[in-house]
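Spelled out from the first residue to the last, the chains are:
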Amino acid sequence: MEKLTFTKVVGFVLAAAFAIVIGISMWALLIGDYMNTVMNQQTQHTVRIVGFAGMLAALVTWWCQRFAAKRGFLVRTLFALFIFVVAFCSFGGLLRFIYIHATYPSQQDWSLSGMYLASLNDFYTFLLDMLLPPRAEYAALAIAAAIYVAIFGPREPKTVEI
């Protein structure tokens, strides 16, 4: 078993702070979009889901960065961007699925095919909520998150074999 080192503690603190900042930023961007409108209950739940999905996606991106830790900056950035976007959309769909099934349990089809179709529907609904209308600020935040993970995330020095 590995010892708990100072680098791991700092990495954990950076990962947690990164996840909190990204989650709050995702939440704040969506609040800004709905600022001039009356927010109904469904919109409030969507805003919460976006914040939690952003937090979870940031943590997964930080954790997965180990797989690209020996690569160059550009590869680490593109890998982090890909993982962040996929994780954000996946967690958003999953959290929406859980919310719908927890809120309206008697109206759901609990068979495996029914749950699969519902989860697919919630995933696509989340994607459409996030992509329509196009929000450039989310793309900028995802790119900034990827650059942050590439700079401060897990890295390992390249080893040269002779």
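Above: the structure in question.
Engineer: Sorry if this is basic, but what is going on with the pattern of salt bridges here?
Structural biologist: Close approach of charged atoms lets side chains of opposite charge pair. Here the structure, examined in full by the defined rule, presents one salt bridge. In this structure, the salt-bridge partner of R96 is D122, at a minimum N-O distance of 3.7 Å. A residue pair is termed long-range when its members are at least 10 positions apart, and R96 in helix α3 (residues 73–103) and D122 in helix α4 (residues 112–131) qualify at 26 residues.

Engineer: Which parts of the structure should I look at to understand helix α1 (residues 6–33)?
Structural biologist: Residues spaced three or four apart along an α-helix point in a common direction, a consequence of the helix completing one turn every 3.6 residues. For α1, spanning 28 residues, the distance from its first C-alpha to its last is 41 Å, which sits close to the expected 40 Å at 1.5 Å a residue. Listing the buried residues of α1 in full gives G11, A15, F18, A19, I22, G23, M26 and L30.

Engineer: What should I look at first to understand the state of the cysteines in this one?
Structural biologist: As used in these notes, a disulfide is a covalent bond between sulfur atoms, one from each of two cysteines. Counted under the stated rule, the structure contains zero disulfides. As a non-bridged cysteine, C64 has C89 as the owner of its nearest cysteine sulfur, 15 Å distant. Of the residues examined, C89 reaches a relative accessible area of 14% and is grouped as buried.

Engineer: What's the story with a nonpolar patch on the surface in this structure? I'm lost.
Structural biologist: A cluster of nonpolar side chains, contributed by F73, I143, I147, I151 and F152, occupies part of the molecular surface with about 430 Å² of accessible area. No other element matches helix α5 (residues 136–152), which puts four residues into the nonpolar patch. Here F152 shows up in helix α5. Judged by relative accessible area, which is 45%, F152 ranks as partly exposed.

Engineer: Before we go on, may I ask you to explain the packing of α3 against α5 in this structure?
Structural biologist: Packed helix pairs are specified by the crossing angle of their axes together with the interaxial distance, meaning the distance between the axes. Running from amino to carboxyl end, α3 crosses α5 at an angle of 130°, the nearest separation of the two axes being 8 Å. By the angle between their axes, α3 is oblique relative to α5. As α3 packs across α5, the resulting crossing turns out to be right-handed. Residues F73, R76, T77, A80, L81, F84 and V85 of α3 touch α5, and the partners they reach there are A142, I143, A146, I147, V149, A150 and I151. In terms of residue class, the contact of α3 with α5 is made up of twelve nonpolar, one polar and one charged.

Engineer: I'm lost on the side chain of T77 in this one. Help?
Structural biologist: Position of T77 relative to the elements: it lies in helix α3. Excluding its chain neighbours within four sequence positions, the residues that come into contact with T77 are A146, I147 and A150.

Cut-off values and rules
Residues numbered from 1 in each chain as written. Predicted model: local features only at pLDDT ≥ 70, side-chain atom pairs only at ≥ 80, totals over all residues. Heavy atoms only, no water. Salt bridge = Lys/Arg side-chain N within 4 Å of Asp/Glu carboxyl O. Helix = DSSP H or I, 4+ residues; strand = E, 2+ residues; numbered from the N terminus. Expected span 1.5 Å × (residues − 1). Buried < 20%, exposed > 50% of the residue type's maximum accessible area, 1.4 Å probe, protein only. Disulfide = S-S within 2.5 Å. Patch = residues over 30% accessible without salt bridge, like charges linked within 9 Å, V, L, I, M, F, W, Y side chains within 5 Å. Areas by Shrake-Rupley, 256 points an atom, 1.4 Å probe, with all protein chains shown as cover. Axes fitted to C-alpha atoms, helices over the stretch in contact; angles between N-to-C directions. Parallel < 35°, antiparallel > 145°, perpendicular 65-115°, else oblique. Left-handed = near helix turned anticlockwise from the far one by under 90°. Contact = heavy atoms within 4.5 Å. Nonpolar A, V, L, I, M, F, W, Y, C, P; charged D, E, K, R; others polar.

Limitation: the analysis is restricted to geometry and does not speak to function.
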